[in-house]
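# What the coordinates show
If you want the building blocks of each chain, they are given just below.
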Amino acid sequence: EPGTIEMHGLVYDASVGPSLPVQGANVRVPACNGPRAYMVQTFATGRYTVTLPTPYFMPGCTIYVFVTASGYVLLRLAVRLMVKYPDRRMTIFSL
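Here the structure is a predicted model, which is why all the values come from computation and not from measurement. (Residues numbered from 1 in each chain as written. Predicted model: local features only at pLDDT ≥ 70, side-chain atom pairs only at ≥ 80, totals over all residues. Heavy atoms only, no water.)

## A closer look at the overall build of the protein chain
Along the protein chain, the regular secondary structure elements total zero helices and seven strands. Listed N to C, the secondary structure of the protein chain is β-β-β-β-β-β-β in terms of helices and strands. Here the protein chain, with 95 residues, has 36% of them falling under the buried criterion. Nonlocal contacts in the protein chain, meaning residues at least 24 apart in sequence, comprise 51% of its contacts between residues at least 6 apart. As displayed, the protein chain offers around 5400 Å² of accessible surface, 56% of which is attributable to carbon and sulfur atoms. (Helix = DSSP H or I, 4+ residues; strand = E, 2+ residues; numbered from the N terminus. Buried < 20%, exposed > 50% of the residue type's maximum accessible area, 1.4 Å probe, protein only. Contact = heavy atoms within 4.5 Å. Areas by Shrake-Rupley, 256 points an atom, 1.4 Å probe, with all protein chains shown as cover.)

Pasting the structure below:
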């Protein structure tokens, strides 16, 4: 969709690796320009896609992505938005 950036990736358990995806993890992305935040949940595959409208997310800005899931430690990850490389894999640790 014009005027948006799609960020996608995989959330998985740190104790096993990508072969153990985390279903139902919340991926929250606060805007780098304004008070809005966008949130999605991971699918059974641990994959997610969040569409970020460019008025709030400009290529080159740094955002903080928050990942939460039941039984896991909160993950806060700094991400520099780049249209060419929108895939972000995130490892979360169990409690």
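## Observations concerning the environment of Arg80
Looking at the element boundaries, Arg80 is found in strand 6 (residues 75-80). Taking the relative accessible area as the measure of exposure, Arg80 reaches 51% and is therefore exposed. Distance in space between the C-alpha atoms of Arg80 and Cys61 is 5.7 Å, their sequence separation being 19 residues.

## Things to note about the state of the cysteines
Scanning all chains against the criterion turns up one disulfide. Between the sulfur of Cys32 and that of Cys61 lies a disulfide, 2.3 Å long from S to S. Judged by the sign of its S-S torsion, about -80°, the bond between Cys32 and Cys61 is left-handed. In this pair, Cys32 is assigned in the loop between strand 2 (26-30) and strand 3 (37-41) and Cys61 in the loop between strand 4 (47-53) and strand 5 (62-68), connecting sequence segments 29 residues apart. For Cys32, a relative accessible area of 32% corresponds to the partly exposed category. Cys61 sits in the buried class, given a relative accessible area of 16%. (Disulfide = S-S within 2.5 Å.)

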